[in-house]
Amino acid sequence: MTDSITAQQHRHPLGGWNKPDLDLSNADWRSGSQGAGDVEIAFVEGFIAMRNATRPESPSLIFTPAEWRAFVLNAREGEFDLT
């Protein structure tokens, strides 16, 4: 049992990750804060991709519309405020 779980995690290290591999090479990236922010988003094939603008070669986070809505609503309410 453990061997099959380990093999499955090796093939899919992010267990439960049911999002497609999106081609982001031609994505229309938009800054989240009027061009001055470190975060950019792009709407691609019904998903929302978010990346670090200062390191665009780094992996992007991929959100479903429902996940994105929950993230934005909670951010507006200060859930992620670290100050």
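What you are looking at is a predicted structure, and each value in this text was computed from that prediction instead of being measured. (Residues numbered from 1 in each chain as written. Predicted model: local features only at pLDDT ≥ 70, side-chain atom pairs only at ≥ 80, totals over all residues. Heavy atoms only, no water.)

So, on to the sheet that holds strand β4 (residues 61–63). One open sheet holds the four strands; their spatial order is β1-β2-β3-β4, and the pairing between them is antiparallel. Edge positions in the sheet fall to β1 (30–31) and β4, since each of these pairs with one other strand and no more. In this structure, β1 lies alongside strand β2 (residues 39–44), joined through two bridges in antiparallel fashion. Each residue of the ladder has a partner; that of arginine 30, found in β2, is isoleucine 41. Running at roughly 105 degrees to β4, helix α2 (residues 65–76) makes contact with β2, β3 (47–52) and β4 of the sheet. (Pairing = 2+ DSSP bridges. Helix = DSSP H or I, 4+ residues; strand = E, 2+ residues; numbered from the N terminus. Contact = heavy atoms within 4.5 Å. Axes fitted to C-alpha atoms, helices over the stretch in contact; angles between N-to-C directions.)

Mapping asparagine 52 onto the fold places it in strand β3. For asparagine 52, a relative accessible area of 32% translates into the label partly exposed. Once the C-alpha coordinates of asparagine 52 and serine 31 are considered, the two residues, 21 residues apart in sequence, prove to be 9.9 Å apart. At a separation of 2.6 Å, a polar atom in the side chain of asparagine 52 contacts the side chain of threonine 54. (Buried < 20%, exposed > 50% of the residue type's maximum accessible area, 1.4 Å probe, protein only. Polar contact = N/O pair within 3.5 Å; in protein donor to acceptor, adjacent residues only side chain to side chain.)

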